[in-house]
Amino acid sequence: MVPRAPFDFTLSISPSSLTVKKGEAARFTWSVSYSDPIYQGTTFTWDISGLDPSMKVNVGRGTLTIGTSDATPPGSYTFTFMLSAKGVTRFVTATLIVEALFDYSISISPPSQTVNIGEKTSYTITANLISGTAQPVSLTLSGLPTDISYSFSSASGIPSFVSTLTLDAKTFSSPGTYTLKITGVWWRTYKKRYSNPYS
């Protein structure tokens, strides 16, 4: 009779590093190799360390899912995943990188201006990156009467960027006070900033 090898196993995980956006879930796969095929089907207990308390972990057959949330701080987390059975413990390490969501701000300067009929004036629009990987943002303007024309030096850009808004009252015929609304549009968010009354 050929003696059986003592119970043992090796543990592996894939991929070794994974990047997700804040609020998303990361899915790793793990596998074991036994010292002898007879040990196939062994029941393991698992443990994991190195993750933020805001993360939720789910371990399935060959899968390891780590869910992040709005409360998860962006950063790099090198974690240790362990399996134990029959007095034997093996562990592997992997890295989960959590990226901040893209966010930006929009400001307008000066906050208020007066222009005479037939003249031009301009504002400086600033889009600043707050967090995450910058994405293209488009600028739109509303609140002007139809007989005032306008143009952006850059109608879109990747924050941080600056655009000059020029207003032309050449054909303006309705004196009054108007509040301008500048809207920054990304496919997932809208940022609005208002000037003080323009007259």
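What you are looking at is a predicted structure, and each value in this text was computed from that prediction instead of being measured. (Residues numbered from 1 in each chain as written. Predicted model: local features only at pLDDT ≥ 70, side-chain atom pairs only at ≥ 80, totals over all residues. Heavy atoms only, no water.)

On to the pairing of strand 11 (residues 137–142), then. Alternating positions in strand 11 separate cleanly, Val137, Leu139 and Leu141 being buried on one face and Ser138, Thr140 and Ser142 remaining unburied on the opposite face. Relative to strand 13 (residues 156–157), strand 11 runs antiparallel, the two sharing 2 bridges. Its bridge partner lying in strand 13, Val137 is registered against Gly157. With 5 bridges joining them, strand 11 and strand 15 (residues 181–186) adopt antiparallel strand pairing. Bridging from a neighbouring strand, Leu141 pairs with Ile182 of strand 15. (Buried < 20%, exposed > 50% of the residue type's maximum accessible area, 1.4 Å probe, protein only. Helix = DSSP H or I, 4+ residues; strand = E, 2+ residues; numbered from the N terminus. Pairing = 2+ DSSP bridges.)

Moving on, we come to the sheet that holds strand 14 (residues 161–168). Pairing within the open sheet is antiparallel, and its 4 strands lie in the order 9-10-14-12. Both edges of this open sheet fall to strand 9 (103–109) and strand 12 (149–152), since each of them pairs with a single strand only. The sheet shows a mean angle of 20° between the axes of neighbouring strands, direction not considered. The pairing of strand 12 with strand 14 spans 4 bridges and is antiparallel. Bridge pairing in strand 14 places Ser151 opposite Thr166. (Axes fitted to C-alpha atoms, helices over the stretch in contact; angles between N-to-C directions.)

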